[in-house]
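# Coordinates in review
Now for the letters of each chain:
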Amino acid sequence: MNKIPNYIGGNWELSATSVWMDVVNPATMETLGSVPVSKSAEAGKAVEIASRTFAGWRRTPVTERVQFLFKFKSLLEDHREEIARTITLECGKTLTEAKGELQRGIENVEVACGMPKLIQGYNNEDIARGIDEHLFRQPLGVVTAITPFNFPAMIPLWFLPYAVATGNCFILKPSEKVPLTAQKIMELLDQTGLPAGVVQMIHGNKEVVDALLDHRHVKAVSFVGSTPVARYVYGRATAHGKRAQCQGGAKNPIVIMPDADLETTVKITADSAFGCAGQRCLAASTGITVGDSHDPF
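What this report covers is the structure whose coordinates are included nearby. Every value quoted in this text rests on a predicted model; they were computed, and no experiment measured them.

Procedures and definitions
- Residues numbered from 1 in each chain as written.
- Predicted model: local features only at pLDDT ≥ 70, side-chain atom pairs only at ≥ 80, totals over all residues.
- Heavy atoms only, no water.
- Helix = DSSP H or I, 4+ residues; strand = E, 2+ residues; numbered from the N terminus.
- Rg over C-alpha atoms; globule rule 2.2 N^0.38 Å.
- Buried < 20%, exposed > 50% of the residue type's maximum accessible area, 1.4 Å probe, protein only.
- Contact = heavy atoms within 4.5 Å.
- Areas by Shrake-Rupley, 256 points an atom, 1.4 Å probe, with all protein chains shown as cover.
- Lys, Arg positive; Asp, Glu negative; His and termini not counted.
- Charge placed at Lys NZ, Arg CZ, Asp CG, Glu CD.
- Disulfide = S-S within 2.5 Å.
- Phe/Tyr/Trp six-rings, centres within 6.5 Å; stacked < 30°, edge-to-face > 60°.
- Lys NZ or Arg CZ within 6 Å of the ring centre and 35° of its normal.

## Examining the overall build of the protein
Per the secondary structure count, the protein includes ten helices and 13 strands. On C-alpha atoms alone, the protein measures out to a radius of gyration of 21 Å, which is about the 19 Å that the 2.2 N^0.38 rule sets for 297 residues. Counting only C-alpha atoms, the protein reaches 65 × 65 × 40 Å along its principal axes. Residues classed as buried in the protein amount to 46% of the 297 residues present. By sequence separation, contacts in the protein at least 24 residues apart represent 72% of the contacts at least 6 residues apart. Within the structure as shown, the protein displays about 14700 Å² of accessible surface, and the carbon and sulfur contribution to it stands at 53%. Positive and negative charge centroids in the protein, built from 30 and 31 side chains respectively, lie 7 Å apart.

## Section: the state of the cysteines
Counted by the stated rule, this structure contains zero disulfides. Free of any disulfide, Cys91 has its nearest cysteine sulfur in Cys276, 7.1 Å distant. Taking the relative accessible area as the measure of exposure, Cys91 reaches 17% and is therefore buried. Lacking any disulfide linkage, Cys246 is separated from the closest cysteine sulfur, that of Cys281, by 14 Å. Assessed through its relative accessible area of 22%, Cys246 is described here as partly exposed.

## Re unusual backbone geometry
Of note in the backbone geometry, Met29 takes a positive phi value of approximately 65° without being a glycine. The residue Met29 is located in the loop between β3 (20-24) and β4 (31-36) in this model. With a relative accessible area of 59%, Met29 lands in the exposed category. Backbone geometry places Cys276, a non-glycine residue, at a positive phi of 55°. Locating Cys276 in the fold gives a position in the loop between α10 (262-274) and β13 (286-289).

## Quick look at the packing of aromatic side chains
Counted according to the given criterion, the structure contains three aromatic pairs. With a centroid separation of 6.0 Å and an interplanar angle of 50°, the aromatic rings of Trp57 and Phe68 are classed as tilted. On the criterion of sequence distance, the pair formed by Trp57 in helix α1 (residues 40-58) and Phe68 in helix α2 (residues 62-78) is long-range, its members being eleven residues apart. We classify Trp57 as buried; its relative accessible area is 3%. Looking at Phe68, the relative accessible area reads 15%, which means it is buried. Over the aromatic face of Phe149 sits the side chain of Lys177, whose NZ or CZ is 4.9 Å from the ring centroid.

Written as structure tokens, this is what we have:
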């Protein structure tokens, strides 16, 4: 059985846990690998390494930090087919959808490469009598992202490149249902020569999440997933004084007006509702017809 390691301090480490979960191809029910339910101490180890790494990384000029992302973007593009097929294997979406998802992730890396411009502050002389104003944007420290199963490449890449470019140290806790995509992404990131400890990955369930939310050195958390879990993560993180952005489930009605082009409307409604097997927060869940559009729609 392929046991999936954690990525801690620049090394691939098998968890010491005795509890492993199968990673299953949802189309065939084939077992693809085994992911650890890591211990809280292992999450704590990753945080401590990140905390020690942060002092040097935050003092690395932003123009140097983004060089690793330029290399990372190139590697993602070179391995586009391989990563997309992994997404399809463990997540179940079509290969075309997987390639589209990965492209959106690559675009986030590309945007983060512009951080030397994006991170700039500003200065105002004599904002009031005898007062000048200066704004500097500074990294927070150790930050983490807890990401869902439905977009195993794109959503981690919503957070990772920006954290790296702005001088933070980043820990990814991917969904235990889709760890193979995250593993491939980390393998490519490792090839860029990024200093050990700047980005790490740990697998697990609630125990690992709680360890990250409770650790005094974790300064911010990002979450994408269901609304009940988003509320839990937000509540526990903010109770410890951390910054939290938690994106929960969504409801997305489509309004069909009487003058709608019905052929196009039906197609895009079906695509929205059933694309990615309906497993996305922007999937249309309700159709609201106006006036005479009801019966023909």
